[in-house]
Amino acid sequence: MNNIVLSVKDLNVWYNDFQAVKGISIDYPEKSISAIIGPSGCGKSTFLRCLNRIHEEVPGARAEGEILLKGRNILGSKIDPVQVRRSIGMVFQKPNPFPSMSILENVTLGVRLLGVRDKSKLMQVAEQCLRKAALWDEVKDKLSQLGTSLSGGQQQRLCIARALAIDPPVLLMDEPTSALDPIASLKIENLMSDLKKDYTVIVVTHNMQQAARVADYTSFFVLGELIEHGACSDIFTNPKEQKTEDYITGKFG
Amino acid sequence: MNITSSDLREDILKMASIVESNLEQALRVEVELKDVFVLENEINKFHTSIDDSVFKYIALKTPAATDLRIALSVMKMNSELERIGDQAVNIKRNLKRIAKLHPSIDSLSEEVKMMLRNSIDAFVKHDSKLATDVIHHDQEVNDLYRDIMKTFIGQIKADFIDFDEGFSVIRLAKCLERIGDLSTNIAEDVIFLESGTDIRHNAHIKFGRRKEDQVVTDKLKDNHE
C-alpha cells in the first residue's frame with residue numbers, strides 16, 4: 001500500500017442531536033481512488049464533507065475525532081478551514097461554475113485569490129488544469145465565454161479543473177456524475193483514472209458499478225456506520241459482510 | 001485494479017503460445033518428460049491467473065456486448081488450452097513407450113498442430129472463416145485417428161506388433177485427436193466472440209456440406225441481418 005495521505009480516526013458527526021457518522025476510521029493511500037457507497041441517509045456525504053470541513057457550513061453540525069492530513073489533524077481548533085480546503089479540493093454533485101465568470105476566470109479563481117496576478121502565469125495554470133481535466137481541446141478557443149455556457153459534462157470538468165488549480169493533494173467528489181448522461185459520466189470516470197497519477201481521489205457515488213470500475217478501494221456505509229472497507233477487487237467479488245453482499249447484489253438498500 | 005478486455009486477449013495469447021510450444025516439445029523424441037512438465041506448470045499458472053482476471057473483470061467492469069463476449073470466450077479458451085497442456089503431457093508419456101516412430105502419427109501430429117495454430121490465429125485476426133476451416137478440419141483428423149486405430153488393432157491382433165507398442169501408439173493418437181477436438185472448441189469460441197452465435201452442438205451448421213465453408217459463414221451472415 002502507498003503512503004497514507006489522509007487518515008480518518010474514530011470520526012463522529014452530529015447534526016444537533018442526530019448522529020450522522022458513528023466512529024468511522026479509514027486510511028486513504030496516496031494516489032489512489034477510494035469510493036464510498038451506501039443507501040441514502042447512510043452518512044456518506046456528511047463523512048466526505050467533514051474531510052475538508054465543509055460540514056461546518058451547516059448550522060448545528062459538529063465533528064469529533066481526527067482527520068490527519070499527512071499527520072496533521074485538520075479538525076484541530078487552531079487550523080484554518082480555508083487552508084484545509086486549499087489542500088483538499090471538492091467537486092459537487094451538480095456542476096457549479098460561478099455564473100458571472102468566464103471559463104478562464106472560473107479556473108483561475110483559486111490562484112487569483114492566492115494573489116497571482118501575472119496574466120501569463122494565470123494562462124499557464126488555466127491550460128495545465130483544463131488539460132488535466134480533459135477539457136482544454138474543447139474550450140481553448142472560447143476561454144472568455146461564460147462557464148455556464150458549457151454542457152453539463154463540460155461544466156463538471158470545468159469544476160474539476162477549478163479544484164485542481166490550487167494543486168490540492170486530495171480531491172473529494174460528491175456524486176460527480178449523478179447529474180450527467182452516460183457519455184459525460186464515462187469522460188469523468190476516465191478523467192478520475194488519469195487524476196490518480198497525481199492526486200488522491202475520494203468519491204461518493206450511488207452508482208456501484210462506477211465504484212467498481214474506477215476505484216481501488218471501496219467503503220460501504222449503513223446508518224452512519226462503516227460496514228466494510230477494502231480493495232474493490234475483494235468487495236465486489238467476495239465481500240466479508242453479509243450486508244455488503246446484500247447491498248451490492250441489490251437485495252438491500 | 002484496471003483490467004481491460006485487451007489485457008484478457010493478451011493474456012490468453014501468451015498462454016496459447018506456451019501451450020503450442022509444449023505440444024511441439026512433447027512431440028520431439030529427444031525432449032524429456034520433466035521438460036514438458038516445466039511448461040505444463042507455466043500453463044497451470046496462467047490457467048489460474050486468467051480465470052481470476054476474468055472473474056475480477058466481470059465483477060468490476062460489468063462488461064457488455066463485445067467486451068462481455070471477450071470475457072466469456074477467454075474463460076472458455078483458457079480451459080481448452082489448459083486441457084491441451086494436459087494432453088501434451090500424456091503424449092510425452094506415450095511417446096516414451098514407443099520404440100519407433102510411425103509415419104501416420106507424424107501426419108496426425110502435423111494436422112493437429114495446424115488446427116491449434118489456426119484456431120489461435122482466427123482469434124488474433126478476428127477471422128471467423130479461418131475458425132470455420134478449423135471446425136471442418138476436425139473431421140479429417142477424426143478420420144486419420146480412426147485409420148490409425150484400425151491399422152494398429154489389426155497389427156496387434158495379427159501379432160505384427162508388440163501389444164504395448166501398438167496400444168501406446170493408439171493412446172498417443174487419441175491424445176492428438178482430443179487436441180483436435182479442443183482446438184475445434186476454441187474455433188467455436190472464436191465464432192461466438194466474433195458473431196455472438198453459439199454453433200456448438202449444431203451439426204447442421206457445423207458440418208453441413210453445402211458448399212463446405214459457405215455454411216457457417218452464411219449462418220453468421222443471416223444472424224447479423
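All values derive from a computational prediction rather than experimental measurement.

Draft legend 1. Up close: the overall build of chain A. When helices and strands are tallied, chain A shows ten helices and ten strands. Relative to the 2.2 N^0.38 estimate, which gives 18 Å for 253 residues, the radius of gyration of chain A is 18 Å and therefore close to what a compact globule would have. A separation threshold of at least 6 residues defines the contact pool for chain A, and within that pool the share at least 24 residues apart is 67%.

Draft legend 2. Fine view of the packing of helix α5 (residues 128-157) of chain B against helix α6 (residues 163-195) of chain B. All names here are of chain B. As a packed pair, α5 and α6 sit with axes 9 Å apart at the nearest point and diverge in direction by 165°. The angle between α5 and α6 places the two elements in the roughly antiparallel class. For α5 against α6, the interelement crossing comes out left-handed. When its residues are assigned to classes, the contact of α5 with α6 shows 16 nonpolar, eight polar and five charged.

Draft legend 3. Up close: the sheet that holds strand β9 (residues 217-222) of chain A. Residue and element names in this part refer to chain A. Taken in spatial order, the six strands line up as β6-β7-β8-β3-β9-β10 in an open sheet, and their pairing is mixed. Only two strands of the sheet have a single partner each, and these edge strands are β6 (88-91) and β10 (225-231). Taking each pair of neighbouring strands and ignoring which way they run, the sheet shows an average axis angle of 15°. Of the strand pairs in this sheet, strand β3 (residues 33-37) and β9 are connected by four bridges, and their pairing is parallel. Across the sheet, the residue bridging to A35 is T218, located in β9. Taken strand by strand, helix α6 (residues 152-164) contacts β6 and β7 (170-174), and its axis lies near 170° from that of β6.

Draft legend 4. Just the pairing of strand β4 (residues 61-69) of chain A, in detail. Residue and element names in this part refer to chain A. Here strand β1 (residues 4-15) runs beside β4; their pairing, made up of eight bridges, is antiparallel. From the neighbouring strand, S7 faces β4, where its bridge partner is L68. The pairing of β4 with strand β5 (residues 72-73) spans two bridges and is antiparallel. Across the sheet, residue L69 finds its bridge partner in β5, namely R72. Counting the residues in the hairpin turn of β4 and β5 gives two residues, including K70, whose phi is positive at 50°.

Draft legend 5. Structural detail: the sheet that holds β5 of chain A. In spatial order, the strands read β2-β1-β4-β5 (chain A); together these four strands make up an open sheet with antiparallel pairing. Two strands bound the open sheet, and with one partner strand each, they are β2 (18-29) and β5 of chain A.

Draft legend 6. Representation of the interface of chain A and chain B in the model. Listed as interface residues are eight residues of chain A and, on the opposing side, eight residues of chain B. Counting only elements with at least two residues in the side of chain A that touches chain B, the list comes to α8 (208-214) and α9 (232-235) of chain A. Among the elements that make up the side of chain A that touches chain B, the one with the highest residue count is α8 of chain A (three residues). When its residues are assigned to classes, the side of chain A that touches chain B shows three nonpolar, four polar and one charged.

Thresholds, definitions, all that
- Residues numbered from 1 in each chain as written.
- Chains lettered and ligands numbered in written order.
- Predicted model: local features only at pLDDT ≥ 70, side-chain atom pairs only at ≥ 80, totals over all residues.
- Helix = DSSP H or I, 4+ residues; strand = E, 2+ residues; numbered from the N terminus.
- Rg over C-alpha atoms; globule rule 2.2 N^0.38 Å.
- Contact = placed C-beta atoms within 7 Å.
- Axes fitted to C-alpha atoms, helices over the stretch in contact; angles between N-to-C directions.
- Parallel < 35°, antiparallel > 145°, perpendicular 65-115°, else oblique.
- Left-handed = near helix turned anticlockwise from the far one by under 90°.
- Nonpolar A, V, L, I, M, F, W, Y, C, P; charged D, E, K, R; others polar.
- Pairing = 2+ DSSP bridges.

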